[in-house]
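Summary of the model geometry
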Amino acid sequence: MTPAPFERSGHGECCAGITLIELVIIVAIVSTLAGICIPAYNRYQENTRIAKAVLDIRAIEHDLLITESLGGKFPDDISGVPVAERRDPWGGYYQYFNPATKKGGGHGGIQRFDKLAKPLNTDFDLYSMGRDGQSKANLDSKVSLDDIVRALNGQYVGLGSQLSLIHISEPT
């Protein structure tokens, strides 16, 4: 006679559940997978936000260049630019500064500088204050490392922390 399902042979005890050791092993495996997957997913989300900010800055830059070509100069602020009221992926406003007029319109933009205290751009500065929502004029500042900046008169748009990794030459 074969034992009925879920019965131990010869004892008649039901063993339909799992043991405590099996449960601990399952919890350990799930915890390990979560420990690997959650940080990877967070990095993916942050990289997506950075890419979105770069695309937004390029779109605003395009509109500013059209405005300059039609009017002969860059505006003092970006309030008239169609995409200017767009918020960055972290909920902040994009910042703009016109070095020719020394005005940062819209939402209080400032002129930005590299490690050597040289201006990032000669035409205009456009940037997002990044994840922390804070920024300083110099990109070496800790709060500026996560900023998404336009530099070298548009030759570079990306993280301020990565700008120092590329060769910085005088903007053309």
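Residues numbered from 1 in each chain as written. Predicted model: local features only at pLDDT ≥ 70, side-chain atom pairs only at ≥ 80, totals over all residues. Heavy atoms only, no water.

Side note on the pattern of salt bridges
The final tally for this structure, using the stated rule, is 7 salt bridges. Notably, a salt bridge pairs Asp123 with Arg150, separated by 2.9 Å at the nearest N-O pair. In this pair, Asp123 sits in the loop between strand E1 (95-97) and strand E2 (125-128) while Arg150 sits in strand E3 (residues 148-151), placing the two residues 27 residues apart along the sequence. For Asp123, a relative accessible area of 16% corresponds to the buried category. What emerges from the salt-bridge pattern is a single network uniting Arg58, Glu61, Asp123 and Arg150. (Salt bridge = Lys/Arg side-chain N within 4 Å of Asp/Glu carboxyl O. Helix = DSSP H or I, 4+ residues; strand = E, 2+ residues; numbered from the N terminus. Buried < 20%, exposed > 50% of the residue type's maximum accessible area, 1.4 Å probe, protein only.)

Quick word on the nonpolar core
Ile60, Leu64, Tyr96, Leu126 and Ile148 are the most contacted members of the largest nonpolar core, which has 17 residues in total. Elements represented by at least two residues in this core include exactly helix H1 (20-71) and strand E4 (156-159). Contacts of Ile148, omitting those with residues within four sequence positions, involve Ile50, Ala53, Val54, Ile57, Trp90, Leu126, Tyr127, Ser128, Gly158 and Leu159. Among the nonpolar cores identified, the runner-up in size contains 8 residues, and Tyr127, Leu139, Ala151 and Leu152 belong to it. (Core = buried A, V, L, I, M, F, W, Y, C linked by side-chain atoms within 4.5 Å. Contact = heavy atoms within 4.5 Å.)

Observations concerning unusual backbone geometry
Even without a glycine there, the phi angle at Ala117 is positive, about 65°. Positionally, Ala117 belongs in the loop between E1 and E2. Accessibility expressed as a relative area gives 51% for Ala117, which makes it exposed. Non-glycine residue Leu152 carries a positive phi angle of around 55°. With respect to the helices, strands and loops of the structure, Leu152 is situated in the loop between E3 and E4.

Details of the pairing of E2
Along E2, one buried face is formed by Asp125 and Tyr127 and the opposite face, lined by Leu126 and Ser128, is buried too. Pairing of E1 with E2, which is carried by 3 bridges, proceeds in the antiparallel orientation. Bridging from a neighbouring strand, Phe97 pairs with Asp125 of E2. Where E2 meets E3, 2 bridges bridge the pair, whose relative direction is antiparallel. Looking at the pairing, Tyr127 lines up with Val149 of E3. (Pairing = 2+ DSSP bridges.)

Side note on the pairing of E4
Across 4 bridges, E3 lies against E4 in antiparallel orientation. Paired with Arg150 across the two strands is Val157, which belongs to E4. In this antiparallel pair of consecutive strands, E3 and E4, the connection spans 4 residues, and Leu152 shows a positive phi of 55°.

Quick notes on the packing of aromatic side chains
Summed over all chains, the structure comprises 3 aromatic pairs. Pairing Phe74 with Phe124 gives two aromatic rings, centres 4.8 Å apart and planes at 55°, and the pair type is tilted. Placement of Phe74 in the loop between H1 and E1 and of Phe124 in the loop between E1 and E2 is noted, with a sequence separation of 50 residues between them. Phe124 matches Phe74 in its accessibility class, with the two residues each being buried. Their ring planes at 40° and their centres at 5.9 Å tell us that Tyr96 and Phe124 sit as a pair that is tilted. Of the two residues, Tyr96 is situated in strand E1 and Phe124 in the loop between E1 and E2; the sequence distance between them amounts to 28 residues. You'll find Tyr96 and Phe124 in the same group, each marked buried. Through a chain of ring-to-ring contacts, three or more aromatic side chains come together here, namely Phe74, Tyr96 and Phe124. Here the basic side chain of Arg112 rests over the ring of Tyr127, its NZ or CZ set 4.4 Å away from the ring centre. Of note, Arg150 hangs over the ring of Phe124, and the distance from its end group to the ring centre comes to 3.9 Å. (Phe/Tyr/Trp six-rings, centres within 6.5 Å; stacked < 30°, edge-to-face > 60°. Lys NZ or Arg CZ within 6 Å of the ring centre and 35° of its normal.)

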